[in-house]
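Chain by chain, the residues run as shown.
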Amino acid sequence: MEEALKTAKSMPDPGADAEVIGVRFKEVGKIYYFDPSGISFSLGQRVIVETSRGVECGEVAMANRKVSGSQIVKPLKKVIRPANENDIQQLEANKKKEKQAFAVCLKKISEHRLDMKLVDVEYTFDNNKILFYFTADGRVDFRELVKDLASIFRTRIELRQIGVRDEAKMLGGLGVCGRTFCCSSFLGEFQPVSIKMAKEQNLSLNPTKISGICGRLMCCLKYEQDSYEKLLKMTPKVGSFVSTPEGRGIVQDANPLTGVLKVALDKNPDVPKAFQREQVRPVRGNRGENARNTSSDKDEE
């Protein structure tokens, strides 16, 4: 029992703070934590680390800092060493080989008549594997293609099917706003976006107006959603009965951003009047609700 207690005391606290650095392997990619091994690193510095894919060269996107143990996926891998001039030259050489591999793979896809679109090619830093990223409408039998590529490059080959959002992130381009795609300029990870967000923000539900170049809902719908949700909770809904300084009425239009409500007053329902959100109060058990309940009862009868 005493030995077990000693062992428990000697084990590190899983919730204890730990010093980490954040490393990114793509220009706009996810940031991964690594143990700096007591070395101080600066932003933009290149480091050599061990990953699930093997040894890789990444860029420091977050300098040394303390983070809670609950934010770390343990065991935390250590930085092998800072990158040197030879490592940088290796990266440049890999980029040249990626272009050559892209052309070879395109030719082989055409020869095998595969219904797939090659998007990008990536060499691992140690050249132990080549990854080919592609898009396709359905499943593709690329076994023969892999055999051909393996015989040409004499290394491990991996073909990875990606979605249209990932394709846009890799290729980049300009959005309908005239700026570079968010996903290829600063978004490290994609956030879930739904049509409900467009509805709550009073946007046109025309797919061509709320969709990005990738054909999916625009990522920027997410940016203001939290603010809209807070404002919508404070704003009476269209059709609700409210009390105003000039009497009671029904909300005909509401702008959650400006806080302006158009209310059809009981005394003059044909000419809606504008009020600020702070000037009105919702009325519970209102006449409009009673009318709707009565009509629904009649429909059921």
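The structure we're discussing is the one just above.
Attention in this report is confined to the structure presented alongside it. Every chain begins its residue count from 1, and numbering advances along the sequence as written. Where local features are concerned, this predicted model is filtered to residues with pLDDT of at least 70; where side-chain atom pairs are given and counted, the filter is 80 or more; whole-chain, interface and lining totals use all residues. Side-chain calculation: all heavy atoms of the structure are included, whereas hydrogens and water are not.

Now for the sheet that holds strand β6 (residues 117-123). Ordered by their spatial adjacency, three strands build an open sheet running β6-β7-β8, and the pairing between neighbours is mixed. Strands at the two margins of the open sheet, each flanked by one partner only, are β6 and β8 (156-161). Across this sheet, the average inter-strand angle for adjacent strands is 20 degrees, counted without regard to direction. Following DSSP output, two strands are said to pair if at least two bridges run between them. A run of DSSP states H or I qualifies as a helix once it reaches four residues; a run of E qualifies as a strand once it reaches two. Both are numbered from the N-terminal end. Inspection of the sheet shows β6 paired to strand β7 (residues 129-135) by six bridges, in the antiparallel sense. Bridged to Val121 within β7 is Phe132. For this analysis, residues touch if any pair of their heavy atoms sits within 4.5 Å. The axes are straight lines fitted to the C-alpha atoms, using for helices just the contacting stretch, and the angles between their N-to-C directions are given from 0 to 180°. This element, helix α4 (residues 164-171), spans β6 and β7 of the sheet and lies at about 60 degrees to β6.

Residues Arg46, Lys95, Lys96 and Lys99 make up a contiguous surface patch of positive charge. Sort the elements by how many residues they give to the positive patch and helix α2 (residues 85-112) lands first, with three residues. Partly exposed describes any residue whose relative accessible area lies between the buried limit of under 20% and the exposed limit of over 50%, with all areas from a 1.4 Å probe on protein chains only and scaled to the type maximum. Under the relative-accessibility criterion, Lys96 is labelled exposed at 61%. Without a salt bridge and with relative accessible area above 30%, a residue can belong to a patch; like charges are then joined within 9 Å and nonpolar side chains (Val, Leu, Ile, Met, Phe, Trp, Tyr) within 5 Å. Here the Shrake-Rupley method, with its probe set to 1.4 Å, supplies the accessible areas, and only the displayed protein chains count as covering residues. For salt bridges, the criterion is a side-chain nitrogen of Lys or Arg within 4 Å of an Asp or Glu carboxyl oxygen. None of His or the chain ends enter the tally, which takes Lys and Arg as positive and Asp and Glu as negative. By convention, the charge on Lys lies at NZ, on Arg at CZ, on Asp at CG and on Glu at CD.

What follows deals with the pairing of strand β1 (residues 18-24). For a regular strand, the rule is simple: side chains alternate between the two faces of the sheet. With six bridges connecting them, β1 and strand β4 (residues 54-67) associate as antiparallel partners. By the bridge assignment, Glu19 is partnered in β4 with Lys66. Alignment of β1 against strand β2 (residues 31-34), held across four bridges, turns out to be antiparallel. Across the sheet, Arg24 pairs through a bridge with Ile31, a residue of β2.

Moving on, we come to the pairing of β7. Among the seven residues that make up β7, seven are buried, leaving the element largely enclosed by the rest of the structure. Alternating residues of β7 divide into Lys129, Leu131, Tyr133 and Thr135 and Ile130, Phe132 and Phe134, and every residue in both groups is buried. Where β6 hands over to β7, the hairpin turn is made up of five residues, of which Asn127 adopts a positive phi near 65 degrees. Note: β7 against β8, six bridges, orientation parallel.

With respect to the helices and strands, the residue Ile72 is situated in the loop between β4 and β5 (79-82). Measuring from C-alpha to C-alpha, the distance between Ile72 and Tyr33 comes to 7.4 Å, with 39 residues separating the pair along the chain.

What follows concerns the packing of α2 against helix α3 (residues 143-153). Relative orientation of the contacting elements α2 and α3 amounts to 145 degrees, with a least axis distance of 10 Å. Both α2 and α3 take part in a crossing whose hand is right-handed. On the side of α2, the interface is formed by Ala101, Val104, Cys105, Lys108, Ile109 and His112, while α3 contributes Glu144, Leu145, Asp148, Leu149, Ile152 and Phe153. Charged residues are taken to be Asp, Glu, Lys and Arg, nonpolar residues to be Ala, Val, Leu, Ile, Met, Phe, Trp, Tyr, Cys and Pro, and polar residues to be all remaining types, Gly included. Of the residues that constitute the contact of α2 with α3, the class distribution is eight nonpolar, one polar and three charged. Whether a crossing is left-handed or right-handed is set by the direction in which the near helix is turned from the far one by less than a right angle, anticlockwise for left-handed and clockwise for right-handed.

So, about the packing of aromatic side chains. By convention, a stacked pair of Phe, Tyr or Trp rings (six-membered ring in the case of Trp) has centres within 6.5 Å and planes under 30 degrees apart, an edge-to-face pair has planes over 60 apart, and any other such pair is tilted. Counted by the stated rule, this structure contains five aromatic pairs. Relative to Tyr32, the ring of Phe25 lies with its centre 6.0 Å away and its plane at 50 degrees, an arrangement referred to as tilted. With a relative accessible area of 27%, Phe25 lands in the partly exposed category. For Tyr32, a relative accessible area of 39% translates into the label partly exposed.

Below, the discussion takes up the sheet that holds strand β10 (residues 247-255). Strand order in the open sheet formed by five strands is β12-β11-β10-β9-β13, and the pairing between neighbours is antiparallel. The open sheet has two edge strands, β12 (268-276) and β13 (281-282), and neither has a second partner.

Once that is clear, we can look at the side chain of Ser240. As for its placement among the helices and strands, Ser240 is situated in the loop between α8 (225-234) and β9 (241-244). In the analysis that follows, any N or O atom pair within 3.5 Å is treated as a polar contact, provided that within protein one partner can donate a hydrogen and the other can accept it, and provided that, for residues neighboring in sequence, both atoms belong to side chains. A polar side-chain atom of Ser240 sits 2.6 Å from the main-chain carbonyl oxygen of Lys237.

Using the criterion set out here, one finds 12 salt bridges in the structure. Between Glu56 and Arg53 there is a salt bridge whose closest N-O contact spans 3.0 Å. Taking relative accessible area as the criterion, Glu56 reaches 7% and is therefore assigned buried. Residue Arg53 is classed as partly exposed on the basis of its relative accessible area of 24%. One salt bridge connects Glu144 with Lys147, and the closest N-O pair in it is separated by 3.6 Å. On the criterion of helical spacing, the pair formed by Glu144 and Lys147 is a turn pair, its members being three residues apart in helix α3.

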